[in-house]
Amino acid sequence: MFFKRSFSLILSLAYLLAACAGPATPSDAPTAAPTGPGQPVTLTIGWIGQPDTLNPAYAFLATSYVVFDLTYSSLLKEGPDGKYQGDLAQAWQSSDDGLTWTFTLKDNLKWHTGAPLTAEDVAWSINEIKNDPDGWSTLVNYTNGFKAVTAPDPRTVQITLEYPIGNMEYRVSFLYALWRPDFEPLTTTEALQNFANDKLIGSGAFKLNRFDKERGVVILDKNPDFYDGAPKVDQVILRTFDNGDALVQALKVGDVDVIYQVPSSAFATVKGFANVTAVQTPSRSFDELIINSAPEDRDPRPTGHPALRDPQVRLALAHAINKQDLVDVVLQGLGKPGWSIVAPSLGGGFWHNPAIEDHAFDLAKANQILDEAGYPKGPDGIRQKDGRRLEFRLQHAADSSEYPRVASLLAGWFSQIGVKVNVEAVDPDTLTGLTTGVGDYDLVIWGWGGDPDPDFILSIMLCDQFEVGGWSDSGYCNAEYDQLYLDQQRASDLAQRQATIYKMQELLFRDKPYIVLYNYDSLEAYRSDRFTNFPDFITNPSLTVSLISAFSLAKVEPVK
């Protein structure tokens, strides 16, 4: 299961055991419905947060990509075992020189409207993304190296490459088949990125009934014409909660059937609920401290504190963070300290550079670094240089219940090295606007989840991604890193690509646009007295699929 900009949550166990607050949604919002002979089958999912948009040209949050996975189709998709399976395609092959990929489509493909879906639709969609890098900045990197995309006949899509691509199956899995009547009229970047797509038309297992952002509800109906067989649930409701205790209580009493991301501190309690199955698997996700690295020559000029450009200040901050404490206190041990944006679990550990040793938690060393860098402490204990105090804004996404605790711990450690931070919770949409393409911040706590391949998570650090609509929130720009990114995309030899990705991690570790804090486990749960046929994580813990992925929900059925 893929993510993008991830959201995570946690709550105090004391809150959980106390009287639980109500959900964020209104009292008349849909809830879990009883099932029985002749009744429609409704599965309700509870989560924190909601999609920022249903337009894949401008979607930033993980929640949007969950909806895309359920409603859109692509040539291939990552399967439950991490291997790629045919989605629209029933067969695919590459030429001997690796420069031509041919995909043969399945029979009887249809859009949610009932109209036939052809190879020409798929080719048009990929070309739409490839030919408009400004408008499709969130997806265009998946088409790097594509020379031409054609449809020789109604069931064949052919992609010709400029050079062999070693991760081609992964690349096409994020190139969605787009409903041409909606997207073709959007001839400018502004028009495309202002398009809400709130009547989304795709060809996936579920089709959009309604997205009510104000009320925090996404309603999806099953697609009876789905080419791999209609789902066995009639409707899926994704329901937003604004606090973790209400979310967990809703699962306990049966108001929701599935929780996407169980709060870490409540996981042990959820495991003890009657008729509930809790699932814990390693994830590709991480939370990080973003350090403003935006180029100074931007217009408008980034507002990051000048001292944060000093490598010694960044190094001191890294030594002042007790990552094991963060895992133990914030995650309740359900994760591991981290240092790289390439998670240790990604690719079974193949892409994670094992040669790099993280900075040790050492407050004395952090103080020594700042002393030697010329930042003496003032009368109030706050360090300063050239008339500027080491006093920073520390912002975090407001939809996470765990980030206030992270911020509090960071503030305490930083104060012991003469650094003051002012903590502020910010709405995710607003925080996106402050970080991407702007650089109006000092330090930010947020998180990401990686794709099945390291390509995406590496791309967020590219120079050209620091634009409105791009992925970069740090503003990091390094020409050597950009070239290495292109090199790894062009590397058809696996060992060569691995070595290049190792080098990219070394550069990021040195320059510190992020201080990665930890990798957290994926925690989910479902009502086993209501639904069955979810993937069996107990006997097969290596599965990479989420409970709410298309692969899961297309097969889930009510308990008889």
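Summarised in this report is the structure supplied together with it.

Here's the deal with the overall build of the chain
- Within the chain, the regular secondary structure consists of 17 helices and 24 strands.
- The globule rule puts the C-alpha radius of gyration for 560 residues at 24 Å, and the 24 Å found for the chain is close to it.
- A principal-axis box enclosing the C-alpha atoms of the chain has dimensions of 75 × 60 × 45 Å.
- Counted over contacts in the chain with a minimum sequence separation of 6, partners at least 24 positions apart contribute 73%.
- Accessible surface, the chain: about 20,900 Å² in total, of which carbon and sulfur atoms supply 49%.
- Taken together, the 46 basic and 71 acidic charged side chains of the chain have centroids lying 3 Å from each other.

Brief notes about the sheet that holds strand S12 (residues 258-260)
- Pairing is mixed across the open sheet formed by 7 strands, whose spatial order is S9-S10-S11-S2-S12-S22-S13. Each edge of the open sheet is held by one strand with a lone partner, namely strand S9 (206-212) and strand S13 (276-281). Recorded for the sheet is a direction-independent mean angle of 20° between the axes of neighbouring strands.
- In this structure, strand S10 (residues 217-222) lies alongside strand S11 (residues 235-241), joined through 5 bridges in antiparallel fashion. Note on S11: the bridge partner recorded for Leu220 is Val236.

Observations regarding the sheet that holds strand S7 (residues 146-153)
- Reading across from one edge, S5-S6-S8-S7 is the order of the 4 strands in this open sheet, with antiparallel pairing throughout. Two strands close off the open sheet at either side, each with one partner strand: strand S5 (89-94) and S7. Strand-to-strand twist of the sheet, defined as the mean angle between neighbouring strand axes without regard to direction, takes the value 15°.
- Summarising the sheet, S5 and strand S6 (residues 100-105) pair through 5 bridges and their orientation is antiparallel.

Points about the packing of helix H15 (residues 479-490) against helix H16 (residues 494-511)
- Axis separation between H15 and H16 bottoms out at 9 Å; the angle between their running directions is 160°. When the interaxial angle is binned, H15 and H16 end up roughly antiparallel. Here H15 and H16 pass one another in a crossing that is left-handed. Residues Glu480, Tyr481, Leu484, Tyr485, Asp487 and Gln488 of H15 touch H16, and the partners they reach there are Arg497, Thr500, Ile501, Lys503, Met504, Leu507 and Leu508.
- Of the residues assigned to the contact of H15 with H16, the class counts are 7 nonpolar, 2 polar and 4 charged.

Basis of the calculations
Residues numbered from 1 in each chain as written. Predicted model: local features only at pLDDT ≥ 70, side-chain atom pairs only at ≥ 80, totals over all residues. Heavy atoms only, no water. Helix = DSSP H or I, 4+ residues; strand = E, 2+ residues; numbered from the N terminus. Rg over C-alpha atoms; globule rule 2.2 N^0.38 Å. Contact = heavy atoms within 4.5 Å. Areas by Shrake-Rupley, 256 points an atom, 1.4 Å probe, with all protein chains shown as cover. Lys, Arg positive; Asp, Glu negative; His and termini not counted. Charge placed at Lys NZ, Arg CZ, Asp CG, Glu CD. Pairing = 2+ DSSP bridges. Axes fitted to C-alpha atoms, helices over the stretch in contact; angles between N-to-C directions. Parallel < 35°, antiparallel > 145°, perpendicular 65-115°, else oblique. Left-handed = near helix turned anticlockwise from the far one by under 90°. Nonpolar A, V, L, I, M, F, W, Y, C, P; charged D, E, K, R; others polar.

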